[in-house]
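Structural characterization, general
Listed below, chain by chain, are the residues.
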Amino acid sequence: MIDKSNYSLLGHNTFGIEARCRRFLGYESQADAEQVAATLRESGLPFLIIGGGSNLLLTGDFPGIVVRSYVQGVHSEGTRMTCGSGMEWDRVVEESLRLGLYGAENLSLIPGDVGACAVQNIGAYGAEAKDLIAGVWAVEIATGRLCHFRNADCGYGYRDSRFKHEWRNKYLILRVELCLSRQFEPRLDYGNVRAELERRGMSEPTAAQLREVIVSIRRAKLPDPAELGNAGSFFVNPVVSRQKYEELAAQYADMPHYHVDEAHEKIPAGWLIEQCGWKGRSLGRAGVYEHQALVIVNRGGATGGEIVALYEAVRADVLQKFGIALTPEVCIV
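Residues numbered from 1 in each chain as written. Predicted model: local features only at pLDDT ≥ 70, side-chain atom pairs only at ≥ 80, totals over all residues. Heavy atoms only, no water.

Along the backbone of the protein there are eight helices and 20 strands. For 333 residues, the compact-globule formula gives about 20 Å, and the C-alpha radius of gyration of the protein, at 20 Å, lands near that figure. Each principal axis of the C-alpha atoms in the protein carries an extent, and together these give about 60 × 50 × 40 Å. Counting every position in the protein, which comprises 333 residues, the buried fraction comes to 51%. Here the protein displays about 15,000 Å² of accessible surface, and carbon together with sulfur accounts for 46% of that area. When the 36 positive and 41 negative side-chain charges of the protein are each reduced to one mean point, those points stand 3 Å apart. (Helix = DSSP H or I, 4+ residues; strand = E, 2+ residues; numbered from the N terminus. Rg over C-alpha atoms; globule rule 2.2 N^0.38 Å. Buried < 20%, exposed > 50% of the residue type's maximum accessible area, 1.4 Å probe, protein only. Areas by Shrake-Rupley, 256 points an atom, 1.4 Å probe, with all protein chains shown as cover. Lys, Arg positive; Asp, Glu negative; His and termini not counted. Charge placed at Lys NZ, Arg CZ, Asp CG, Glu CD.)

Next up on the list: the sheet that holds strand 3 (residues 47–50). What the four strands build is an open sheet, ordered 1-2-5-3; its pairing is mixed. A strand with exactly one partner marks an edge of an open sheet, and here the two such strands are strand 1 (2–8) and strand 3. Here the strands of the sheet are splayed against their neighbours by 25° on average, with no regard to which way each runs. When strand 1 meets strand 2 (residues 20–27), the two strands line up antiparallel, connected through six bridges. Within strand 2, the residue paired with Lys4 across the bridge is Phe24. Each of strand 2, strand 3 and strand 5 (62–69) touches helix 1 (residues 30–43); the most contacted strand, strand 2, lies at about 145° to it. (Pairing = 2+ DSSP bridges. Axes fitted to C-alpha atoms, helices over the stretch in contact; angles between N-to-C directions. Contact = heavy atoms within 4.5 Å.)

The tally for this structure, following the rule as stated, stands at 15 aromatic pairs. Here the aromatic rings of Phe149 and Phe163 are separated by 5.9 Å at their centres, their planes lie at 85°, and the arrangement is edge-to-face. Residue Phe149 is found in strand 11 (residues 146–150), and its partner Phe163 is found in the loop between strand 11 and strand 12 (171–179); the two are separated by 14 residues along the sequence. We classify Phe149 as buried; its relative accessible area is 9%. (Phe/Tyr/Trp six-rings, centres within 6.5 Å; stacked < 30°, edge-to-face > 60°.)

The biggest cluster of nonpolar side chains holds 45 residues, and the ones touching the most others in it are Phe234, Phe235, Ile273, Ile307 and Phe322. For this core, the secondary-structure elements that each account for two or more residues are strand 2, strand 3, strand 4 (56–57), strand 5, helix 6 (242–251), helix 7 (269–275), strand 18 (286–288) and helix 8 (304–322). The biggest single contributor to this core is helix 8, with seven residues. Apart from the residues within four sequence positions on either side, Phe234 is in contact with Phe15, Leu57, Leu294, Ile296, Ile307, Tyr311, Thr327, Pro328, Glu329, Val330 and Ile332. (Core = buried A, V, L, I, M, F, W, Y, C linked by side-chain atoms within 4.5 Å.)

We now examine the pairing of strand 15 (residues 258–261). Note: strand 15 against strand 16 (residues 264–266), three bridges, orientation antiparallel. Following the sheet pairing, Tyr258 is matched in strand 16 by Lys266. Linking strand 15 to strand 16, which pair antiparallel, is a turn of two residues.

The five strands are arranged 6-7-12-10-11 in an open sheet whose pairing can be described as antiparallel. Looking at strand neighbours, the two that pair on one side only are strand 6 (74–77) and strand 11, the edges of this open sheet. Across the sheet, the mean angle separating the axes of adjacent strands is 20° when strand polarity is ignored. Across seven bridges, the pairing between strand 10 (residues 133–140) and strand 12 is antiparallel. Its bridge partner being in strand 12, Ile133 is matched across the sheet by Leu178. Against the sheet, helix 2 (residues 89–98) touches strand 6, strand 7 (80–84) and strand 12, its axis set at about 150° to strand 7.

Our focus in this paragraph is the pattern of salt bridges. One pass over the full model with this rule turns up 20 salt bridges. A salt bridge links Glu128 to Arg159, with the shortest nitrogen-to-oxygen separation between them at 3.5 Å. Here Arg159 lies in the loop between strand 11 and strand 12 and Glu128 lies in strand 9 (residues 127–128), a separation of 31 residues in the sequence. The partner of Glu265 in a salt bridge is Arg242, and the shortest N-O contact between them spans 2.6 Å. (Salt bridge = Lys/Arg side-chain N within 4 Å of Asp/Glu carboxyl O.)

Contact pair helix 2 / helix 5 (residues 207–221): the axes reach a minimum separation of 10 Å and the direction vectors enclose 160°. Here helix 5 runs roughly antiparallel to helix 2, going by the angle between their axes. Between helix 2 and helix 5 lies a crossing whose hand is left-handed. The residues of helix 5 that touch helix 2, namely those facing Asp90, Val93, Glu94 and Leu97, are Ala207, Ala208 and Arg211. Across the contact of helix 2 with helix 5, the residue classes tally to four nonpolar, no polar and three charged. (Parallel < 35°, antiparallel > 145°, perpendicular 65-115°, else oblique. Left-handed = near helix turned anticlockwise from the far one by under 90°. Nonpolar A, V, L, I, M, F, W, Y, C, P; charged D, E, K, R; others polar.)

This part takes up helix 2. Buried residues of helix 2: Trp89, Asp90, Val92, Val93, Ser96 and Leu97, and no others. An end-on view of helix 2 places all buried positions within 155° of arc, on one side of the element. Residues of helix 2 that are buried in the fold lie against strand 7, helix 3 (114–120), strand 12 and helix 5. Positive backbone phi, at 75°, marks Gly100, one or two positions downstream of helix 2. (Arc of directions from axis to C-beta.)

Keep in mind these values describe shape, not function.
So, in structure tokens, the structure goes:
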């Protein structure tokens, strides 16, 4: 078990925010996780469970214990692939293709760890983690016992799960089992995936080619956190009622949208933010990325408070102009 005091979290958040925690614990196995759970019970201190820090905004030092998984390893059997919760998600996508297992290609290059994908229900280009997750193994903090959850137990929704609500801070995730396929069935009709494939002359791409194209699109759209601190998409794309959508569509004929069901439509948050004139603008040392308005960036030395101030200003303008309250996808601590 990794155990450090007065620990810097600078390397554990892609926004590049300097903050410290009173104590940092890392687990590499089930035995470690059981020991961490016992320590959390005994300490009585507040605690924060993190992954790779790609979905985290720190607004100051954390007065308690920060916990992270370092569990590694991949085991495959048939079309099932079980992965350690501390593995980088994109490594898992890469490994799935090496094993001839398909279904995760559209989730290529999404930052973060495997454990976080099960919490957040990550998604991109028409795919979501919930469509792949078969089960989750975790240690219950209150008892130290090993638990197994099936997909249906986890209450998955759009960027949501029970791990974010009633199960928050109750479990230390160890492994995630994915159910993939030996049959490659490309999903190309989301975003500009098909257009980019056509530009490259790939009418029937292989899984590796589709992954390559999605990686290329994401790199062109999203800044590298090593160069410009960010947490990817800062806001969740809002799902609105059919009535609300029709009201806005009557005013904005070019408004992009995605059908959810007969009663709801999804509107890209980036489009709403751009219509409010925020794309490329800054507030202090925090800014809205010039190539993708859904991304908030640290232009250098920004504090968590500066990023929150920008987020609140953007949210207020969207609410005033469109009557839609944006919800942050990023966890603000």
